Protein chains: 2
Amino acid sequence: MKAAMRSQDKTPSYKDTRSRLLMIGTEMLSEKGFFSTGLEEVLRSAGVPKGSFYYYFESKADFGLAVVENYERIWAQKLERLLHDSAVPPLDRIHNYISEGVRGLEKYAFRRGCLIGNIGQEMALLDDDFRQRILRVFVSWSAYVAECLGEARRRGEISADLNIENVSKFFWFAWEGAILQAKLERSTQPIEQFRSVFFSTILRRA
Amino acid sequence: MKAAMRSQDKTPSYKDTRSRLLMIGTEMLSEKGFFSTGLEEVLRSAGVPKGSFYYYFESKADFGLAVVENYERIWAQKLERLLHDSAVPPLDRIHNYISEGVRGLEKYAFRRGCLIGNIGQEMALLDDDFRQRILRVFVSWSAYVAECLGEARRRGEISADLNIENVSKFFWFAWEGAILQAKLERSTQPIEQFRSVFFSTILRRA
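Parameters and conventions
Here the residue numbering is sequential within each chain, running from 1 through the sequence in written order. As a convention, the first chain written is A and the first ligand written is 1, with the rest following in written order. Local features in a predicted model are, by the rule used here, given only for residues with pLDDT of at least 70; side-chain atom pairs are given and counted only at 80 or more, and totals for whole chains, interfaces and linings are based on all residues. The side-chain values count all of the structure's non-hydrogen atoms but skip hydrogen atoms and water molecules. Starting at the N terminus, helices and strands are each numbered in turn, a helix being any DSSP run of H or I of at least four residues and a strand any DSSP run of E of at least two. Only protein chains enter the calculation, and the probe is 1.4 Å; a residue is then buried if its accessible area is under 20% of its type maximum, exposed if over 50%, and partly exposed in between. Residues count as neighbours in contact if any of their non-hydrogen atoms are within 4.5 Å of one another. Note that accessible areas follow from Shrake-Rupley with a 1.4 Å probe, and for residues the cover is restricted to the protein chains shown. Counting rule for charge: Lys and Arg are taken as positive, Asp and Glu as negative, and neither His nor the chain ends is counted. Each charge is placed at NZ for Lys, CZ for Arg, CG for Asp and CD for Glu. One side-chain nitrogen of Lys or Arg within 4 Å of one carboxyl oxygen of Asp or Glu is enough to make a salt bridge. A residue counts toward the fit only if its pLDDT is at least 70 in both copies, and the copies are then superposed by least squares on the C-alpha atoms of those residues. Axis definition: a line fit to C-alpha positions, over the contact stretch in the case of helices; interaxial angles, taken between N-to-C directions, run 0 to 180 degrees. In this scheme, roughly parallel covers angles under 35 degrees and roughly antiparallel covers those over 145, while 65 to 115 is roughly perpendicular and the rest are oblique. For any helix crossing, the convention is left-handed if the near helix is rotated counterclockwise from the far helix by under a right angle, and right-handed if that rotation is clockwise. For this scheme, ten residues count as nonpolar: Ala, Val, Leu, Ile, Met, Phe, Trp, Tyr, Cys and Pro. Four count as charged, namely Asp, Glu, Lys and Arg, and the remainder, Gly too, count as polar. By definition here, a helix of n residues has an expected span of 1.5 Å times n minus one. Summed over both partners, the accessible area (1.4 Å probe) lost when two parts come together is defined as the buried area. For Phe, Tyr and Trp, where Trp contributes only its six-membered ring, two rings pair if their centres lie within 6.5 Å, and the inter-plane angle classes them as stacked under 30 degrees, edge-to-face over 60, or tilted in between. Comment: the charge-over-ring label is applied if NZ (Lys) or CZ (Arg) is within 6 Å of the ring centre and within 35 degrees of the ring normal.

**Some points on the overall build of chain A**
Along its length, chain A carries 10 helices and 0 strands. Counting only residues that meet the buried cut, chain A has 55% of its 206 residues in that class. Of the contacts formed within chain A by residues at least 6 apart in sequence, a portion of 69% connects residues at least 24 apart. Of the roughly 9600 Å² of accessible surface on chain A, 50% is carried by carbon and sulfur atoms. Chain A carries 30 positive and 27 negative side-chain charges, and their two centres are separated by 4 Å.

What follows is the structure, encoded as structure tokens:
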């Protein structure tokens, strides 16, 4: 039965194998960053022989960059869906984003953090391509939060004198630190503390 | 001349060699965390043969824990000196701590971040001893900031309804994220953005 099913399958296409490698790489780098992720482990999980790997990627660094691009794409979709959702008031969108983060931490038992945060910590060891790429990710993430805050300000929901640019960057600084702490405590409490200070103290939301 | 000087030297004591290993380990783990730091590299820098290493430490993990303890001790002294300085108003002490962080980043050309943040990111791979130790460090660091904020509240310098416990934890979340971003940008601008939001928006300091 299995053999019959298998015989009907097509040989995995270039795109399938590459996608599988990227998916597994994304999971592993979210758990432990770039340097602690062994290529052998990725290949074993993906069921791809080493020789084939180099058909898809030039090197481990090339693979790492592709994983970052993949993560960036997934995250852009998530931020687009949650933070550009015009049916939801702008501050509630940020609230929803935080709640989805809480569910993600619980789903993976606090093992997976932020891939961008993990790789960022290894920065001293990474080359400039990586650094620039990760910087661009943070710039785009800040822009999403800044848009929500801008809209909230136009609606009179936050103080007109809030420095939106600084607060949007600060949001991500504290988010990265709160994710790190949640992994350490194996608890979502740090995220709830983050949420409370962000909304009640920084935004002074009623 | 050199030989004569050397002959007068005593053989390095147990404490000297162990201290040198810890100092070099602290530098390296501040740059790249635990897993990316090779033992060979530590030994080469310290000029200690591998056999001797195991005279001082049972394993790399044992060494890593000792490095964390060493870092904790250095940091406790720094926090004690800056945040318990009764000659300085409490909020200025936090300000001084941030300024010393800025100088540290510049001194090491943005290569060295927070050892505790680096190791925290590797958490999925570390055992429970490490996790508990690092948690304790964050608890003690938060207590220092909470004390300053408590004093500032008694002096009427911050709002009486500020949730000091949450804000103190939040301070360190955002600090870790700002250090990460400063390393990425190779600039102290993220730290200045952190400082501005912390004092002007969170504490509403005039």
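Next comes the rest of the write-up.
**Details of the side chain of Glu176(A)**
Within the secondary structure, Glu176(A) is located in helix α9 (residues 164-185). Lacking a salt bridge, the buried Glu176(A) has Lys183(A) as its closest oppositely charged neighbour, with an N-O distance of 8.0 Å. Excluding anything up to four places from it in sequence, Glu176(A) contacts Cys114(A), Gly117(A), Phe138(A), Trp141(A) and Leu180(B).

**A closer look at the relation of the copies chain A and chain B**
Superposition of chain A onto chain B requires a rotation of 180 degrees combined with a translation of 0.0 Å along the rotation axis, giving an RMSD of 0.0 Å. Taken together, the rotation and translation relating the two chain copies correspond to the operation of a two-fold axis. Identified as the residue of chain A closest to the rotation axis by C-alpha distance is Ala174(A), at 1.9 Å. Interface overlap between copies is the fraction of interface residues in one copy that are interface residues in the other; for chain A against chain B it reaches 100%, indicating a shared surface.

**Some details on the packing of helix α6 (residues 90-107) of chain B against helix α9 (residues 164-185) of chain B**
Residue and element names in this part refer to chain B. Orientation of α6 relative to α9, taken along the N-to-C sense of each, is 25 degrees, at an axis distance of 11 Å. Taken together, α6 and α9 sit at an angle that is classed as roughly parallel. Once α6 is placed against α9, the crossing between them reads as right-handed. Judged by residue contacts, Ile94, Tyr97, Ile98, Gly101 and Leu105 of α6 engage Phe171, Trp172, Trp175, Ile179, Ala182 and Lys183 from α9. Along the lines of polarity and charge, the residues of the contact of α6 with α9 split into 9 nonpolar, 1 polar and 1 charged.

**Here we look at helix α2 (residues 14-32) of chain B**
Residues and elements named next belong to chain B. With 19 residues, α2 should reach 27 Å at 1.5 Å per residue; the first-to-last C-alpha distance of 27 Å fits that figure. Looking only at α2, the buried set comprises Thr17, Leu21, Leu22, Ile24, Gly25, Thr26, Met28, Leu29, Ser30, Glu31 and Lys32. Glycine 33 sits one or two residues past α2 and shows a positive phi near 80 degrees.

**Some remarks on the interface of chain A and chain B**
Each partner contributes residues to the interface: chain A has 44 residues there, and chain B has 44 residues. For the pair chain A and chain B, the two sides together bury roughly 4300 Å², of which 62% comes from carbon and sulfur. Interface area lost by chain A to chain B is led by Gln121(A), Phe173(A) and Leu184(A), which between them contribute 18%. At the boundary of chain A with chain B, the tally comes to 4 salt bridges. Between Glu185(B) and Lys169(A) there is a salt bridge whose closest N-O contact spans 2.6 Å.

**Overview of the side chain of Gln193(A)**
If you trace the backbone, Gln193(A) turns up in helix α10 (residues 189-202). Every residue in contact with Gln193(A), bar those within four places of it in the chain, is listed here: Glu165(B), Asn166(B), Lys169(B), Phe170(B) and Phe173(B).

**Structural notes on the pattern of salt bridges**
Residues and elements named next belong to chain A. Under the counting rule described, the total for this entry stands at 32 salt bridges over all chains. The salt bridge partner of lysine 78 is glutamate 100, with a shortest N-O separation of 3.1 Å. Of this pair, lysine 78 sits in helix α5 (residues 60-83) while glutamate 100 sits in helix α6 (residues 90-107), and the two are 22 residues apart along the sequence. The residues lysine 78 and glutamate 100 share a single accessibility class, namely buried. Through salt bridges with shared partners, a single network forms among Glu27, Glu31, Arg111 and Arg112.

**Digging into the packing of aromatic side chains**
Under the criterion given, the structure shown has 45 aromatic pairs over all chains. Relative to Phe57(B), the ring of Phe53(B) has its centre 5.4 Å away and its plane inclined at 40 degrees; by these criteria the two rings are tilted. Of the residues examined, Phe53(B) reaches a relative accessible area of 0% and is grouped as buried. When the ring of Phe171(B) is compared with that of Trp172(B), the centres are 5.0 Å apart and the planes differ by 80 degrees; the resulting orientation is edge-to-face. Among the residues examined, Phe171(B) registers a relative accessible area of 1% and is labelled buried. Accessibility expressed as a relative area gives 1% for Trp172(B), which makes it buried. It is Arg112(A) that lies over the ring of Tyr108(A); its NZ or CZ is 3.8 Å from the centre.

**A word on the environment of Val139(A)**
Residue and element names in this part refer to chain A. Looking at where valine 139 falls in the secondary structure, it is placed in helix α8 (residues 128-154). The class of valine 139 is exposed, set by a relative accessible area of 57%. Sequence separation between valine 139 and serine 168 is 29 residues; the distance between their C-alpha atoms is 9.7 Å.

**Description of α8(A)**
Its 27 residues give α8(A) an end-to-end C-alpha distance of 39 Å, which sits within 8% of 39 Å, the value for a rise of 1.5 Å per residue. Immediately beyond the C-terminal end of α8(A), within one or two residues, lies Gly156(A), with a positive phi of roughly 75 degrees.

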